[in-house]
Amino acid sequence: MTRQATSVLIMGGSGQAGAGTAALLRRWYPELELTIAGRDIERARRVAESLGGANAVTIDITRADLGLPADVAYSAVIAALWDDHLHGLGFAARHGVPYLSLSSGLLDIAPEVVAGSGRASAAPILLASHYLAGIVVLATLAVAAEFDRVERIGIAAALDDSDIGGPAGIADLERWSAVTTAGLIRRDGVFTWVSGDDARADVRVGDGVVLAGQSIPILDVPSLALATGAPNVRFDLAVGESAGRRRGAGASLEVVIDVEGTDFSGAAARVRRTLAHPDGQRPLTALGIALGVERLLGLRGAAVPPGVHLPEALIDPAYALERMAHSGATFEETAA
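Just so we're clear, the structure is a prediction, and the values are computed from it rather than from any experiment.

Rules used throughout
- Residues numbered from 1 in each chain as written.
- Predicted model: local features only at pLDDT ≥ 70, side-chain atom pairs only at ≥ 80, totals over all residues.
- Heavy atoms only, no water.
- Pairing = 2+ DSSP bridges.
- Helix = DSSP H or I, 4+ residues; strand = E, 2+ residues; numbered from the N terminus.
- Axes fitted to C-alpha atoms, helices over the stretch in contact; angles between N-to-C directions.
- Contact = heavy atoms within 4.5 Å.
- Parallel < 35°, antiparallel > 145°, perpendicular 65-115°, else oblique.
- Left-handed = near helix turned anticlockwise from the far one by under 90°.
- Nonpolar A, V, L, I, M, F, W, Y, C, P; charged D, E, K, R; others polar.
- Core = buried A, V, L, I, M, F, W, Y, C linked by side-chain atoms within 4.5 Å.
- Buried < 20%, exposed > 50% of the residue type's maximum accessible area, 1.4 Å probe, protein only.
- Phe/Tyr/Trp six-rings, centres within 6.5 Å; stacked < 30°, edge-to-face > 60°.
- Lys NZ or Arg CZ within 6 Å of the ring centre and 35° of its normal.
- Expected span 1.5 Å × (residues − 1).

The next thing to look at is the pairing of strand β11 (residues 210-215). Of the strand pairs in this sheet, strand β10 (residues 200-204) and β11 are connected by five bridges, and their pairing is antiparallel. Counted as the bridge partner of Arg-200 is Gln-214 from β11. In this structure, β11 lies alongside strand β12 (residues 232-240), joined through three bridges in antiparallel fashion. Along β12, the bridge assignment pairs Ser-215 with Asp-236.

Here is the structure:
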């Protein structure tokens, strides 16, 4: 008989995103059971021991059963790595428990959507392959709520070149860049691929330095376009030395969110805010995942029904902003 499922299985739980998520969940919910899963059992054990009250297991993502005993079940499966065989998703579906992924990206998402839709009645699936696992989408929606009509959304993110992530994160970027260097935007209501000069962009960070960036193919673009109705949406990313490192501190993160439209009086309006974190992208990526897990487990808000979901459909932007502030992030007005 399968034992009662109570622990959250975090695939890749000893990596940067997985370990950061586990630490947040432990802080928010000290009694929540966590299982740190990875290929290196000693590394997984070190993370589990640092959390206190967590388990460590080895998994094999090339096997349908993940290499786990047949009598073991979990309360949720979190893929904090690329679930390239979709065995994590299948494992979650067979056990009827929620599943969250963040490494498929826009270019790899089709098999995941098809697999999830084919098992849509089994359990909720949260696709969080957005920038910072949905945090930028949620912050932008908080800004968009100040508008009656949104005409344009521009996102410009600056990522430190020493803050790309661990081996899994680097592999994700290499995989996506091997497929295309084009970016996806929404222009006059049409989703459009751009390349060359049309894809290039300057990204100005808080200390005035301009980094060379470009439009990227990312789920944030369709998510924001369809959530707000904005006919023009673009996401540009620059990778280089961050303002934090230029100050002699650690790698920092900046994301400029620029929204234009009409306010509730009918007047033209523009709001420009910068989301920043002195410790780079890792704390906010972990936060995005943790917010999703919190909802999937029913720890906050109504129960999530079976089916395929996105962060903006499940997580309240205002609440997300509160959590961002608690994480050490700032979200402040920026001069146009």
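Here we come to the sheet that holds strand β6 (residues 124-127). Pairing within the open sheet is parallel, and its seven strands lie in the order β3-β2-β1-β4-β5-β6-β15. Only two strands of the sheet have a single neighbouring strand rather than two, namely β3 (55-58) and β15 (307-309). Pairwise comparison of adjacent strand axes, ignoring direction, gives a mean angle of 20 degrees for this sheet. Across the sheet, helix α1 (residues 16-28) lies against β1 (8-11) and β2 (34-38), angled at about 175 degrees from β2, the strand it touches most.

One can describe the packing of helix α5 (residues 135-144) onto helix α7 (residues 220-228) by two numbers: an axis separation of 10 Å at closest approach and a directional angle of 25 degrees. When the interaxial angle is binned, α5 and α7 end up roughly parallel. The two elements α5 and α7 cross, and the hand of that crossing is right-handed. Where α5 approaches α7, its residues Val-136, Val-137, Thr-140, Leu-141 and Ala-144 are matched on the opposing element by Asp-220, Ser-223, Leu-224, Ala-227 and Thr-228. When the residues that make up the contact of α5 with α7 are grouped by side-chain class, the tally is six nonpolar, three polar and one charged.

Time to look at the nonpolar core. Within the largest apolar cluster, 69 residues are counted, with the highest numbers of intra-cluster contacts made by Leu-34, Tyr-131, Phe-235, Val-255 and Met-324. Grouped together as the second largest cluster of nonpolar side chains are 23 residues, Leu-68, Val-97, Leu-184 and Leu-219 included.

Here we take up the environment of Ala-54. Note on placement: Ala-54 falls in the loop between α2 (41-51) and β3. The class of Ala-54 is buried, set by a relative accessible area of 18%. Separated by 15 residues in sequence, Ala-54 and Arg-39 place their C-alpha atoms 17 Å apart. When neighbours within four sequence positions are excluded, Ala-54 is seen to be in contact with Arg-26, Leu-34 and Ala-48.

Here strand β8 (residues 183-187) pairs with strand β9 (residues 190-194) via five bridges, running antiparallel. When the bridges of β9 are listed, Gly-183 appears paired with Val-194. Hairpin connection between β8 and β9: a loop of two residues separates the two successive antiparallel strands, and Asp-188 in this loop has a positive phi of roughly 50 degrees.

Moving on, we get to the packing of α5 against helix α11 (residues 317-327). Their axes nearest at 8 Å, the elements α5 and α11 cross at an angle of 115 degrees. Taken as a pair, α5 and α11 cross one another with a handedness that is left-handed. Of the residues in α11, those touching α5 at Ile-135, Leu-138, Ala-139, Leu-141 and Ala-142 are Pro-317, Ala-320, Leu-321 and Met-324.

Turning our attention to the packing of aromatic side chains. Here the structure, examined in full by the defined rule, presents two aromatic pairs. Judged by centre distance (5.4 Å) and plane angle (65 degrees), the ring pair of Tyr-131 and Phe-235 falls under edge-to-face. Of this pair, Tyr-131 sits in the loop between β6 and α5 while Phe-235 sits in strand β12; the two residues are 104 residues apart in sequence, bridging distant segments of the chain. Above the plane of the ring of Tyr-319 lies Arg-300, whose end atom (NZ or CZ) is 3.5 Å from the centre. Its end group placed over the ring of Trp-28, Arg-323 keeps NZ or CZ at 3.8 Å from the ring centre.

An ideal rise of 1.5 Å per residue puts 21 Å on 15 residues; helix α9 (residues 282-296) measures up with 21 Å between its terminal C-alpha atoms. Counting buried positions along α9 yields 13 of 15 residues, so the element is predominantly enclosed. Positive backbone phi, approximately 75 degrees, marks Gly-298, located one or two places after α9.

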